[in-house]
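The primary structure of each chain is shown beneath.
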Amino acid sequence: MSSLFANCLRRPGCVCVCVFIATTGLTFGQQNLDKKAVQRPASTPVKASPVTAGKATPVTAGKAIPVIIKAPATIKAAPIVITPNNKDVKNSTALEDQLSYANLLFSHKQYAIAIRQYELFLNDNSQSSNAASAAFRLGECYLQLSQVVQAKQAYARVIKQYKAGVYAGASAFRLATLYFNEKNYAKAIPYFDVAIKNINDPKLELQALYYGARCMQLDGKKEKAITIYEQLLAEQGQSPKNPFAEPSRVAIARIYAELDNNEKALAAFKVVIAHSKDAELLDEAHARGGLIAAKLGKRKESSQMLDKVLQSKSGKTWKALSQIGLIFNQFSAADYEGVIRTYNQGIYDAPADSRAQMLLLAAHSYRLTKQLKQAADVYGIVERNFRDRIEGTEAGYRRLQCLHLLSDGGLPVYAGSFVEQQRKIDPKSKYLDLALLMKAEWHFEHNEFADAAKAYAEVRPANIPKEHHIPRLYKLGWSQVEGGQIEAGISSLTKFLQAYPDDPLAPSVLAKRGNAYQKTDNPKRALKDFETLSTRYSDSNELEFALQQIAIIQLAQKDTPAMISAFLDLLKKFPDTEAKAEAHFWIGSGYIQQKKYAQAIPFLDKARQINAKTYYEVATRRIILASYQMEDIEALTKETEKFLSEKRKLTIPLPIFTYLGIKLFEREKFAAAARFLDLSSSSESPEQSRPEVWNYLGRANLELKRYSKAIGPLDIYLSFINRPSLRAKTYVYKGNALLGLKNYADATKTANEAMRLQKEGRINATARILLGDISLAQNDYENAARLYLIVSQIFVDPLITPLALQKASTAYEKAGQNEKAKQLQEKLKEKYPSYEAP
């Protein structure tokens, strides 16, 4: 390259295209364009690279596919024949040398300097045969410097100025790529079209064709995309040399599936299966094709395709859907054993609705083949996991059927009958006591504690194995307490603690006895039991319950510091306790009692987050009160607005509405202010609200141009106040509301009343301006101007005086007295140069 360049420099008349050729990989008459090879999804931007030959860029083909489809994206320009242009301007040799210098800078990656040289060349020699080359390379420089906007402009200039040819095609391809990477598919489409028309390299044309189709697919023009994909396949056939064949086939199948064109989608997925060797793609094609075949009623074909996925050794991506589809096919064909076989292959991670239906069909199949225990187990799975769904409801009912067929439900009756008969035969028999124990256990397990307590009490300990003595006494006391025999239960539990103080059940017995003391309104003994449990059995499972009950007892005894401490201890030791919401709520409530409002709010907020059903309203009300006490207007407004919007049953104290309304009015949030002030007032009993409520409510409605709603509150406010200045000001507000309603006569009366009450000063001036506004509204422009001028002459105020001048000028202008209007405007500018009309 260096010798070639040297030869050119020795030839003053040479148009130096050699540097351009050497630095761009352009053989004479051909330029290679590409992007840096990067494996990426189709929507991931590709960084611009120098114009050199390169590797293919894998691109994701298809919206729904879970794997990357590799598609080559090598960009090579069509051959370009560069010939000198005889119409070059004088001094063309120097200019072409300038281009050679720019190209040399480009080859050394001096893009910023090269830009200037290309621009100089193009400005001075736009008709040169190498101008298109320079214009394109200018765009490349900008792109290398990440100046994408300027690069786009440069490429667009090539297309606009040179219309066609290799550089127009290359520029179009660059622009299309940039817009594609920006996900601006609609804008990329026409540039891909330009690239296709101006690129003679079949491989590069193929790539532009493919990405143009991708743009249409991603831009929602799916039918057009299919046409181009099919054109691409038709032109290039199914040759392995076509890197876009497989992505195109997959895209066609997916688009047809998205369009619910099931016949064509199934056919297209079959084509993918026939040609693809990619395991994940084959799984997808078999799975989706199988599900579509089932929709079309082709059950046998569907099952064959779905079974292919389940037998494949690839990942589990498509196995779940295939398993579900296969089970549906088998159950529809009454192949219950087949359903069970497919189910026993293992459950894949299917969507919740499909998983529920699949499990239900498996359970049905067990039941219909008389495998009742297995059926009950699977029904139990459905019932536990999908209880809020229709499948869970049906599973619960079917499970009861199976349990009935297994005779479980008759156990208490059978045991009772046995005891009754055995007492007649042999009242000393130990089997009698074992039967009673069995009956007691069944009742205990079913929470039928009164019946359980009766049965446990009838058991003679000497007639049952020793290992049953401890659990029998434990459950006897528990059942007595739960069954309503509280004193008897306390006695049984006390006997247990005396006989077995070191037994693992002792903490549970102590907790139960403490709970029994609470039920008999004996908080001191209850507190002692729970505190004993928390210290002596600090590693027991009952510790959490004990700490909770300690806090509840302290709460009932109104020992707020102790209550807060106990609940904090509970949360510290058991952060995931079931009483977490309760603990947070009462801690927050305790802090409010202690006037620690900032500390209270986080706990109350947490309580309503954890258990909104129980604590949302009561916690929110306390948060509102705390925010009110802290004068946190933003938080108070947010909480109150949310609370009101949800139409909760609890009420908010009226002073809070009053406070919020006034504060929001002061912040010029008139709509919110009017709402809260309206909630804090009652026109039927106006005396129950503070007078200023009516003042602010009327003014807020006035600001909102709710004129009819403004007058009533202002009249009520006038009925409460006597001070002349306040009454005059209120009359001005009322007059403006009447003016808004076009009630000019009453508006005039209120303005005159304001002036009567205030003979001078700002309020008097605003009343006079109001009179001018009334005249102006009635098209009495000269009288309006006269009234405004009076204000500007008798009252000097930095706000009122220029306002009066401005209004007078407007009135004269409306009256056609433009000269007077102009004079007043000049006077306004002279005396109040910085004044801006409101």
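Structure shown above.
Residues numbered from 1 in each chain as written. Predicted model: local features only at pLDDT ≥ 70, side-chain atom pairs only at ≥ 80, totals over all residues. Heavy atoms only, no water.

(A) Looking closely at the overall build of the protein chain. Tallying secondary structure elements over the protein chain gives 42 helices and zero strands in all. Across the 838 residues in the protein chain, those meeting the buried criterion constitute 48%. In the protein chain, the proportion of contacts linking residues at least 24 apart, taken out of those at least 6 apart, comes to 51%. (Helix = DSSP H or I, 4+ residues; strand = E, 2+ residues; numbered from the N terminus. Buried < 20%, exposed > 50% of the residue type's maximum accessible area, 1.4 Å probe, protein only. Contact = heavy atoms within 4.5 Å.)

(B) Expanded view of the packing of aromatic side chains. Counted by the stated rule, this structure contains 27 aromatic pairs. Plain terms: the ring middles of Phe180 and Tyr185 are 5.6 Å apart, the flat faces sit at 70° to each other, and that makes the pair edge-to-face. Through a chain of ring-to-ring contacts, the aromatic side chains of Phe173, Phe180, Tyr185, Phe192, Tyr210, Tyr211, Tyr229 and Phe244 assemble into a single cluster. Between Arg137 and the ring centre of Phe106, over which it is positioned, the NZ or CZ distance is 3.8 Å. The ring of Trp478 carries Lys512 above its face, with NZ or CZ at 4.1 Å from the centroid. (Phe/Tyr/Trp six-rings, centres within 6.5 Å; stacked < 30°, edge-to-face > 60°. Lys NZ or Arg CZ within 6 Å of the ring centre and 35° of its normal.)

(C) Structural context of the pattern of salt bridges. In total, this model carries 26 salt bridges according to the counting rule given. Here Glu140 ties to Arg174 by a salt bridge, and the two come within 2.8 Å at their closest N and O atoms. A residue pair is termed long-range when its members are at least 10 positions apart, and Glu140 in helix α5 (residues 131–144) and Arg174 in helix α7 (residues 166–181) qualify at 34 residues. On the basis of relative accessible area, Glu140 is assigned to the buried category, the value being 1%. Arg174 gets classed as buried once you look at its relative accessible area, which sits at 7%. (Salt bridge = Lys/Arg side-chain N within 4 Å of Asp/Glu carboxyl O.)

(D) Representation of the layout of surface pockets in the model. Space inside the largest pocket adds up to approximately 720 Å³. Taken together, 21 residues line the largest pocket, and the ones lying closest to its centre are Asn736, Thr766, Ile769, Asp773 and Leu803. Looking at the lining of the largest pocket residue by residue, the class counts come to 13 nonpolar, three polar and five charged. (1 Å grid on protein atoms, 1.4 Å probe; cavity = no way out; pocket = protein on both sides within 12 Å on 5 of 7 lines; lining within 4 Å. Points joined across faces, edges and corners; volume = space filled by probe spheres on them. Nonpolar A, V, L, I, M, F, W, Y, C, P; charged D, E, K, R; others polar.)

(E) Highlighting helix α39 (residues 762–777). In this model, α39 (16 residues) spans 22 Å end to end at C-alpha, consistent with the 22 Å of a helix rising 1.5 Å per residue. Within α39, burial applies to Ile763, Asn764, Ala765, Ala767, Ile769, Leu770, Leu771, Gly772, Asp773, Ile774 and Ser775. In the stretch just after α39, Asn779 is the one whose phi turns positive, near 65°. (Expected span 1.5 Å × (residues − 1).)

(F) Expanded view of the packing of helix α32 (residues 633–645) against helix α34 (residues 670–679). At a minimum axis distance of 12 Å, the contact between α32 and α34 shows a crossing angle of 65°. Read as a crossing pair, α32 and α34 show a hand that is left-handed. The segment α32 lies against α34, with Thr637, Thr640, Glu641, Leu644 and Ser645 engaging Ala672, Arg675, Phe676 and Leu679. When grouped by side-chain class, the residues that make up the contact of α32 with α34 number four nonpolar, three polar and two charged. (Axes fitted to C-alpha atoms, helices over the stretch in contact; angles between N-to-C directions. Left-handed = near helix turned anticlockwise from the far one by under 90°.)

(G) Looking closely at the nonpolar core. Ranked by size, the top nonpolar core spans 75 residues in total, and within it Tyr118, Phe192 and Tyr229 carry the most contacts. Per element, the largest residue contribution to this core is 10 residues, and it comes from α7. Excluding residues that lie within four positions of it along the chain, Tyr229 makes contacts with Tyr210, Ala213, Arg214, Gln217, Ser248, Ala251, Ile252 and Ile255. Ranked by size, the runner-up nonpolar core spans 61 residues in total, among them Leu497, Ala506, Ile550 and Met563. (Core = buried A, V, L, I, M, F, W, Y, C linked by side-chain atoms within 4.5 Å.)

(H) How the structure looks around the packing of helix α33 (residues 654–666) against helix α35 (residues 691–703). It is at 10 Å that the axes of α33 and α35 come closest, and there the two elements cross at 45°. One element, α33, and the other, α35, form an angle in the oblique class. Like other packed secondary-structure pairs, α33 and α35 cross with a definite hand, here left-handed. Where α33 approaches α35, its residues Thr658, Ile662, Phe665 and Glu666 are matched on the opposing element by Glu692, Val693, Tyr696, Arg699 and Ala700. (Parallel < 35°, antiparallel > 145°, perpendicular 65-115°, else oblique.)

(I) Summary view of unusual backbone geometry. The phi dihedral of Lys558 is positive, around 60°, even though this residue is not glycine. Positionally, Lys558 belongs in the loop between α27 (543–556) and α28 (560–573). Positive phi, close to 65°, is recorded for Lys595, a residue that is not glycine.

(J) Geometry of α5. With 14 residues, α5 extends 20 Å between its outermost C-alpha atoms, agreeing within 8% with the 20 Å of an ideal straight helix rising 1.5 Å per residue. Following α5 by one or two positions, Ser146 has its phi on the positive side, about 60°.

(K) Highlighting the side chain of Ser248. Relative to the helices and strands, Ser248 is located in helix α11 (residues 245–258). Here Ser248 is in contact with Tyr210, Tyr229, Leu232 and Leu233, once residues within four sequence places are set aside.

(L) Broad picture of the environment of Arg622. With respect to the secondary-structure elements, Arg622 resides in helix α31 (residues 612–630). Among the residues examined, Arg622 registers a relative accessible area of 27% and is labelled partly exposed. Separated by 37 residues in sequence, Arg622 and Phe585 place their C-alpha atoms 9.6 Å apart. Not counting residues within four places of it along the chain, the set of residues in contact with Arg622 comprises Phe585, Ser589, Ile592 and Leu604.

(M) Broad picture of the environment of Leu204. Within the secondary structure layout, Leu204 lies in helix α9 (residues 202–218). Considering only alpha carbons, one finds Leu204 and Phe173, 31 residues apart in sequence, at a separation of 9.6 Å.

(N) Looking closely at the environment of Pro798. In this structure, Pro798 sits in the loop between α40 (781–794) and α41 (800–814). C-alpha of Pro798 to C-alpha of Tyr835: the two residues are 37 residues apart in sequence and 8.6 Å apart in space.

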